[in-house]
Amino acid sequence: MPIGSEIEKKTEDQSKNKSKSPEFHLTDPKFNFSELIISKNSLDDINSLINLQKNLKFIAEDMCFKETHDLSDSFILNLYGPPGTGKTSIAHAIANKLGKKILSVDYSEIESKYVGETPKNLKKVFDFASNSDDCIIFFDEADAMLSKRVTNMSSSTDTSVNQTRSVLLNILNDFKGYLIFATNFVSNYDPAFMRRINRHIHIDLPDSEARHKLFERYIPKKYHSSIELSTLSAESEGMSPADIKKSTLLAAYSAVESKSFSINNDIIITEISKIKQSKNANLSNAETFTRILSKEEASQIIK
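Residues numbered from 1 in each chain as written. Predicted model: local features only at pLDDT ≥ 70, side-chain atom pairs only at ≥ 80, totals over all residues. Heavy atoms only, no water.

An unreviewed UniProt entry lists the protein chain under the name ATP-binding protein, with Comamonas resistens as the source organism. In its Sequence similarities (unreviewed entry) section, the UniProt entry covering the protein chain states "Belongs to the AAA ATPase family." (UniProt positions renumbered as here; feature names shortened; annotations may be inferred.)

Here it is, written out as C-alpha coordinates:
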(Lines give C-alpha, C1' and ligand atoms only; values in the text may rest on other atoms or scores of the structure.)
Protein backbone atom coordinates (compact mmCIF):
# COMPACT_ATOMS: atom_id res chain seq x y z
CA MET A 1 0.00 0.00 0.00
CA PRO A 2 1.43 3.45 -0.90
CA ILE A 3 2.56 5.62 2.02
CA GLY A 4 -0.11 8.25 1.27
CA SER A 5 -2.83 5.59 1.41
CA GLU A 6 -1.53 4.27 4.75
CA ILE A 7 -1.66 7.75 6.27
CA GLU A 8 -5.12 8.30 4.86
CA LYS A 9 -6.35 4.97 6.27
CA LYS A 10 -4.82 5.71 9.69
CA THR A 11 -6.51 9.11 9.77
CA GLU A 12 -9.80 7.48 8.79
CA ASP A 13 -9.46 4.84 11.54
CA GLN A 14 -8.71 7.52 14.13
CA SER A 15 -11.72 9.50 12.98
CA LYS A 16 -13.94 6.44 13.40
CA ASN A 17 -12.59 5.82 16.89
CA LYS A 18 -13.12 9.46 17.87
CA SER A 19 -16.69 9.45 16.64
CA LYS A 20 -17.56 6.22 18.44
CA SER A 21 -19.69 7.10 21.46
CA PRO A 22 -19.89 5.00 24.62
CA GLU A 23 -23.20 3.22 25.12
CA PHE A 24 -25.24 3.70 28.29
CA HIS A 25 -27.93 1.43 29.71
CA LEU A 26 -30.26 1.79 32.68
CA THR A 27 -30.72 -1.29 34.83
CA ASP A 28 -32.79 -2.22 37.84
CA PRO A 29 -30.85 -2.22 41.13
CA LYS A 30 -29.42 -5.65 41.90
CA PHE A 31 -29.61 -5.42 45.71
CA ASN A 32 -31.75 -4.13 48.54
CA PHE A 33 -30.78 -3.45 52.14
CA SER A 34 -32.48 -6.57 53.45
CA GLU A 35 -29.90 -8.60 51.51
CA LEU A 36 -26.84 -6.68 52.70
CA ILE A 37 -24.84 -7.08 55.91
CA ILE A 38 -23.39 -3.70 56.86
CA SER A 39 -21.92 -2.31 60.08
CA LYS A 40 -24.45 -0.40 62.20
CA ASN A 41 -22.57 2.92 61.93
CA SER A 42 -22.53 2.87 58.12
CA LEU A 43 -26.16 1.75 57.90
CA ASP A 44 -27.29 4.52 60.28
CA ASP A 45 -25.50 7.13 58.15
CA ILE A 46 -27.06 5.78 54.94
CA ASN A 47 -30.58 5.68 56.40
CA SER A 48 -30.17 9.20 57.75
CA LEU A 49 -29.19 10.47 54.31
CA ILE A 50 -32.09 8.69 52.57
CA ASN A 51 -34.57 10.10 55.09
CA LEU A 52 -33.11 13.56 54.64
CA GLN A 53 -33.56 13.33 50.89
CA LYS A 54 -37.16 12.18 51.28
CA ASN A 55 -37.87 15.05 53.70
CA LEU A 56 -35.98 17.74 51.78
CA LYS A 57 -39.12 19.45 50.50
CA PHE A 58 -40.63 19.55 54.00
CA ILE A 59 -37.41 21.00 55.45
CA ALA A 60 -37.15 23.60 52.69
CA GLU A 61 -40.78 24.74 52.63
CA ASP A 62 -42.61 23.84 55.84
CA MET A 63 -39.59 24.46 58.07
CA CYS A 64 -38.66 27.54 55.97
CA PHE A 65 -34.99 26.57 55.54
CA LYS A 66 -35.10 27.69 51.91
CA GLU A 67 -35.02 31.23 53.37
CA THR A 68 -31.65 30.66 55.04
CA HIS A 69 -29.98 27.91 53.01
CA ASP A 70 -29.32 27.24 49.34
CA LEU A 71 -30.86 23.77 49.34
CA SER A 72 -29.82 22.02 46.15
CA ASP A 73 -32.07 19.59 44.31
CA SER A 74 -29.04 17.42 43.61
CA PHE A 75 -28.23 14.20 45.46
CA ILE A 76 -24.47 13.73 45.16
CA LEU A 77 -23.10 11.06 47.48
CA ASN A 78 -19.63 9.63 47.94
CA LEU A 79 -19.15 6.17 49.45
CA TYR A 80 -15.58 5.61 50.60
CA GLY A 81 -13.76 2.96 52.58
CA PRO A 82 -11.53 -0.12 52.36
CA PRO A 83 -11.76 -2.52 49.41
CA GLY A 84 -14.30 -5.32 49.65
CA THR A 85 -16.73 -3.50 51.96
CA GLY A 86 -19.62 -3.64 49.47
CA LYS A 87 -19.78 -0.04 48.24
CA THR A 88 -21.16 -1.09 44.83
CA SER A 89 -23.85 -3.26 46.42
CA ILE A 90 -24.77 -0.38 48.74
CA ALA A 91 -25.11 2.00 45.77
CA HIS A 92 -27.58 -0.43 44.20
CA ALA A 93 -29.48 -0.73 47.49
CA ILE A 94 -29.75 3.06 47.79
CA ALA A 95 -31.14 3.24 44.26
CA ASN A 96 -33.62 0.52 45.19
CA LYS A 97 -34.69 2.37 48.34
CA LEU A 98 -35.24 5.60 46.39
CA GLY A 99 -37.13 3.80 43.63
CA LYS A 100 -34.56 4.66 40.96
CA LYS A 101 -32.92 2.75 38.15
CA ILE A 102 -29.13 2.78 38.07
CA LEU A 103 -26.73 3.90 35.37
CA SER A 104 -23.38 2.25 36.16
CA VAL A 105 -20.54 4.00 34.35
CA ASP A 106 -17.07 2.54 33.90
CA TYR A 107 -14.72 5.51 33.55
CA SER A 108 -12.36 3.47 31.37
CA GLU A 109 -15.14 3.25 28.78
CA ILE A 110 -15.51 7.01 28.46
CA GLU A 111 -11.83 7.88 28.78
CA SER A 112 -10.27 8.54 25.38
CA LYS A 113 -6.69 8.86 24.20
CA TYR A 114 -7.80 11.72 21.97
CA VAL A 115 -7.54 15.19 23.51
CA GLY A 116 -10.96 16.67 24.13
CA GLU A 117 -12.92 13.44 23.67
CA THR A 118 -13.12 12.40 27.34
CA PRO A 119 -14.92 15.60 28.45
CA LYS A 120 -17.39 15.13 25.58
CA ASN A 121 -18.05 11.53 26.60
CA LEU A 122 -18.45 12.62 30.21
CA LYS A 123 -21.03 15.21 29.21
CA LYS A 124 -22.91 12.52 27.26
CA VAL A 125 -23.29 10.50 30.48
CA PHE A 126 -25.05 13.37 32.24
CA ASP A 127 -27.09 14.30 29.16
CA PHE A 128 -28.30 10.69 28.95
CA ALA A 129 -29.22 10.69 32.65
CA SER A 130 -31.03 14.04 32.42
CA ASN A 131 -33.27 12.59 29.71
CA SER A 132 -34.07 9.53 31.83
CA ASP A 133 -36.48 9.97 34.72
CA ASP A 134 -35.76 8.24 38.03
CA CYS A 135 -32.11 7.49 37.34
CA ILE A 136 -29.05 7.38 39.59
CA ILE A 137 -25.62 7.68 37.97
CA PHE A 138 -23.02 5.46 39.65
CA PHE A 139 -19.27 5.85 39.19
CA ASP A 140 -17.18 3.14 40.86
CA GLU A 141 -13.44 3.71 41.47
CA ALA A 142 -14.24 7.41 41.18
CA ASP A 143 -10.75 8.52 42.16
CA ALA A 144 -9.82 7.87 38.51
CA MET A 145 -11.89 10.91 37.53
CA LEU A 146 -11.96 13.00 40.72
CA SER A 147 -8.22 12.99 41.41
CA LYS A 148 -6.23 16.16 41.96
CA ARG A 149 -5.60 18.41 39.00
CA VAL A 150 -2.11 18.63 37.52
CA THR A 151 -0.37 21.83 38.68
CA ASN A 152 2.81 21.59 36.59
CA MET A 153 1.53 20.65 33.16
CA SER A 154 4.20 19.30 30.85
CA SER A 155 2.27 17.41 28.18
CA SER A 156 -0.96 17.28 26.23
CA THR A 157 -2.05 14.47 28.56
CA ASP A 158 -1.78 16.79 31.57
CA THR A 159 -3.79 19.41 29.71
CA SER A 160 -6.45 16.83 28.85
CA VAL A 161 -6.68 15.64 32.48
CA ASN A 162 -7.22 19.19 33.74
CA GLN A 163 -9.72 19.90 30.99
CA THR A 164 -11.73 16.83 32.00
CA ARG A 165 -11.64 17.85 35.68
CA SER A 166 -12.82 21.39 34.83
CA VAL A 167 -15.68 20.12 32.70
CA LEU A 168 -16.83 17.77 35.46
CA LEU A 169 -16.67 20.54 38.06
CA ASN A 170 -18.92 22.70 35.88
CA ILE A 171 -21.32 19.81 35.33
CA LEU A 172 -21.60 19.21 39.08
CA ASN A 173 -22.27 22.90 39.70
CA ASP A 174 -25.46 22.70 37.63
CA PHE A 175 -26.37 19.07 38.30
CA LYS A 176 -29.91 18.49 39.61
CA GLY A 177 -30.14 14.71 39.61
CA TYR A 178 -28.92 11.71 41.57
CA LEU A 179 -25.26 10.70 41.55
CA ILE A 180 -23.19 8.26 43.62
CA PHE A 181 -19.39 8.00 43.62
CA ALA A 182 -17.49 5.14 45.27
CA THR A 183 -13.79 4.87 46.00
CA ASN A 184 -11.15 3.06 48.04
CA PHE A 185 -8.89 6.14 47.85
CA VAL A 186 -10.81 9.25 48.89
CA SER A 187 -7.50 10.94 49.80
CA ASN A 188 -6.81 11.19 46.05
CA TYR A 189 -9.85 13.43 45.46
CA ASP A 190 -9.32 17.03 44.45
CA PRO A 191 -10.65 19.35 47.22
CA ALA A 192 -12.88 21.07 44.67
CA PHE A 193 -14.79 17.83 44.13
CA MET A 194 -15.00 17.18 47.87
CA ARG A 195 -16.85 20.50 48.27
CA ARG A 196 -19.34 19.73 45.50
CA ILE A 197 -20.38 16.37 46.97
CA ASN A 198 -23.39 16.71 49.30
CA ARG A 199 -22.47 13.89 51.66
CA HIS A 200 -19.50 11.59 52.26
CA ILE A 201 -20.26 8.28 53.98
CA HIS A 202 -17.51 6.01 55.23
CA ILE A 203 -18.32 2.35 54.70
CA ASP A 204 -16.77 0.66 57.70
CA LEU A 205 -15.27 -2.77 57.86
CA PRO A 206 -17.90 -5.08 59.40
CA ASP A 207 -18.27 -4.91 63.17
CA SER A 208 -18.45 -8.04 65.33
CA GLU A 209 -22.18 -8.52 64.80
CA ALA A 210 -21.87 -8.08 61.04
CA ARG A 211 -18.94 -10.51 60.86
CA HIS A 212 -20.99 -13.09 62.76
CA LYS A 213 -23.82 -12.72 60.24
CA LEU A 214 -21.41 -12.91 57.30
CA PHE A 215 -19.95 -16.24 58.46
CA GLU A 216 -23.46 -17.48 59.08
CA ARG A 217 -24.35 -16.57 55.49
CA TYR A 218 -21.25 -17.96 53.79
CA ILE A 219 -20.94 -21.24 55.70
CA PRO A 220 -23.45 -23.88 54.53
CA LYS A 221 -26.07 -24.67 57.17
CA LYS A 222 -25.01 -28.31 57.41
CA TYR A 223 -21.83 -27.19 59.22
CA HIS A 224 -23.38 -24.62 61.59
CA SER A 225 -23.81 -27.07 64.47
CA SER A 226 -20.10 -27.90 64.51
CA ILE A 227 -18.77 -24.35 64.12
CA GLU A 228 -18.51 -21.54 66.69
CA LEU A 229 -19.49 -18.45 64.73
CA SER A 230 -18.65 -16.13 67.63
CA THR A 231 -15.05 -17.41 67.59
CA LEU A 232 -14.77 -16.80 63.86
CA SER A 233 -16.21 -13.32 64.33
CA ALA A 234 -13.54 -12.52 66.95
CA GLU A 235 -10.70 -13.99 64.86
CA SER A 236 -11.71 -12.05 61.72
CA GLU A 237 -11.58 -8.52 63.13
CA GLY A 238 -10.33 -6.10 60.47
CA MET A 239 -11.47 -8.25 57.56
CA SER A 240 -13.86 -7.10 54.85
CA PRO A 241 -16.99 -8.99 53.75
CA ALA A 242 -15.08 -10.06 50.64
CA ASP A 243 -12.27 -11.44 52.83
CA ILE A 244 -14.72 -13.38 54.99
CA LYS A 245 -16.46 -14.84 51.97
CA LYS A 246 -13.10 -15.89 50.53
CA SER A 247 -11.94 -17.48 53.79
CA THR A 248 -14.93 -19.85 53.92
CA LEU A 249 -14.46 -21.01 50.33
CA LEU A 250 -10.72 -21.47 50.78
CA ALA A 251 -11.49 -23.56 53.86
CA ALA A 252 -13.64 -25.83 51.70
CA TYR A 253 -10.79 -26.20 49.16
CA SER A 254 -8.41 -27.04 52.00
CA ALA A 255 -10.82 -29.64 53.40
CA VAL A 256 -11.09 -31.38 50.02
CA GLU A 257 -7.32 -31.32 49.54
CA SER A 258 -6.78 -32.92 52.95
CA LYS A 259 -9.49 -35.52 52.21
CA SER A 260 -11.48 -34.51 55.32
CA PHE A 261 -14.35 -33.16 53.17
CA SER A 262 -15.69 -31.17 56.10
CA ILE A 263 -14.94 -27.72 57.46
CA ASN A 264 -14.48 -26.67 61.08
CA ASN A 265 -13.25 -23.70 63.07
CA ASP A 266 -9.59 -24.67 62.82
CA ILE A 267 -9.63 -24.87 59.02
CA ILE A 268 -11.42 -21.54 58.64
CA ILE A 269 -9.18 -19.81 61.20
CA THR A 270 -6.13 -21.04 59.28
CA GLU A 271 -7.47 -19.39 56.12
CA ILE A 272 -8.32 -16.23 58.06
CA SER A 273 -4.71 -16.09 59.28
CA LYS A 274 -3.35 -16.48 55.74
CA ILE A 275 -5.56 -13.69 54.42
CA LYS A 276 -4.56 -11.39 57.29
CA GLN A 277 -0.90 -12.21 56.76
CA SER A 278 -1.02 -11.33 53.07
CA LYS A 279 -2.89 -8.09 53.75
CA ASN A 280 -0.42 -7.07 56.46
CA ALA A 281 2.48 -7.80 54.11
CA ASN A 282 0.87 -5.66 51.43
CA LEU A 283 0.34 -2.82 53.91
CA SER A 284 3.92 -3.13 55.17
CA ASN A 285 5.29 -2.91 51.62
CA ALA A 286 3.19 0.19 50.96
CA GLU A 287 4.46 1.87 54.14
CA THR A 288 8.07 0.99 53.28
CA PHE A 289 7.66 2.50 49.81
CA THR A 290 6.20 5.66 51.35
CA ARG A 291 9.12 5.99 53.77
CA ILE A 292 11.72 5.53 51.03
CA LEU A 293 9.93 8.02 48.81
CA SER A 294 9.85 10.55 51.62
CA LYS A 295 13.61 10.23 52.13
CA GLU A 296 14.23 10.77 48.43
CA GLU A 297 12.05 13.84 48.43
CA ALA A 298 13.80 15.15 51.53
CA SER A 299 17.21 14.73 49.89
CA GLN A 300 16.00 16.72 46.87
CA ILE A 301 14.83 19.51 49.16
CA ILE A 302 18.19 19.57 51.00
CA LYS A 303 20.04 19.87 47.69
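Here the narrative resumes.
## Some words on empty space enclosed by the protein
One way to see where empty space is left: roll a probe the size of a water molecule over the atoms. Taken as a whole and judged by the stated rule, the model has one cavity of 30 Å³ or more. If you trace the largest cavity, you find it lined by Ile37, Ile38, Ser39, Thr85, Ile203, Asp204, Leu205, Pro206 and Pro241. Per-class residue counts for the lining of the largest cavity are six nonpolar, two polar and one charged. (1 Å grid on protein atoms, 1.4 Å probe; cavity = no way out; pocket = protein on both sides within 12 Å on 5 of 7 lines; lining within 4 Å. Points joined across faces, edges and corners; volume = space filled by probe spheres on them. Nonpolar A, V, L, I, M, F, W, Y, C, P; charged D, E, K, R; others polar.)

## Describing the sheet that holds strand β5 (residues 199–202)
The strand order across the open sheet formed by five strands is β2-β3-β4-β1-β5, and the pairing between neighbours is parallel. Since the sheet does not close on itself, it has two edges, and those belong to β2 (101–105) and β5, each with one partner. Going across the sheet, the axis of each strand differs from the next one's by a mean of 20°, ignoring polarity. The sheet contact formed by strand β1 (residues 75–80) and strand β4 (residues 178–183) spans six bridges and is parallel. The partner of asparagine 78 across the bridge, within β4, is phenylalanine 181. Lying on the sheet, helix α2 (residues 40–54) is in contact with β1, β4 and β5; it crosses β5 at an angle near 155°. Helix α6 (residues 117–130) contacts β2, β3 (135–139) and β4 of the sheet and is inclined by roughly 155° relative to β3. (Pairing = 2+ DSSP bridges. Helix = DSSP H or I, 4+ residues; strand = E, 2+ residues; numbered from the N terminus. Axes fitted to C-alpha atoms, helices over the stretch in contact; angles between N-to-C directions. Contact = heavy atoms within 4.5 Å.)

## Brief notes about the environment of leucine 214
With respect to the helices and strands, leucine 214 occurs in helix α10 (residues 208–218). Look at leucine 214 and you get buried, because its relative accessible area is 3%. Counting along the chain gives 177 residues from leucine 214 to isoleucine 37, while the straight-line C-alpha distance between them is 6.9 Å. Each residue touching leucine 214, except ones within four places of it in the same chain, is listed here: Ile37, Pro206, Pro241 and Ile244. (Buried < 20%, exposed > 50% of the residue type's maximum accessible area, 1.4 Å probe, protein only.)

## Section: α2
Three or four residues apart is the spacing at which side chains of an α-helix point the same way, because the helix has 3.6 residues per turn. A rise of 1.5 Å per residue sets the reference length of α2, with its 15 residues, at 21 Å; its end C-alpha atoms lie 21 Å apart and thus fit the reference within 8%. Those residues of α2 that are buried lie in contact with α3 (56–62), β1, α4 (87–97), β4 and β5. (Expected span 1.5 Å × (residues − 1).)

## Focus: the confidence of the model for the protein chain
A residue-level look at the protein chain finds 84% of positions with pLDDT of 70 or above and a mean pLDDT of 86. In the model, residues 289–303 has pLDDT below 50 throughout and makes zero contacts with residues more than four positions away in sequence or in other chains. (pLDDT = per-residue confidence, 0-100.)

## Considerations on the nonpolar core
Membership of the largest hydrophobic core comes to 27 residues, with the highest contact counts inside it found for Val125, Phe126, Ile137, Phe139, Leu146, Leu179 and Phe181. For this core, the secondary structure elements donating two or more residues are β2, α5 (107–110), α6, β3, α7 (143–146), α8 (156–174), β4 and α9 (191–196). Not counting residues within four places of it along the chain, the set of residues in contact with leucine 146 comprises Arg165, Leu168, Phe181, Asn188, Tyr189, Asp190, Phe193 and Ile197. Ile46, Ile90, Phe138 and Ala182 belong to the second largest nonpolar core, which has 23 residues in total. (Core = buried A, V, L, I, M, F, W, Y, C linked by side-chain atoms within 4.5 Å.)

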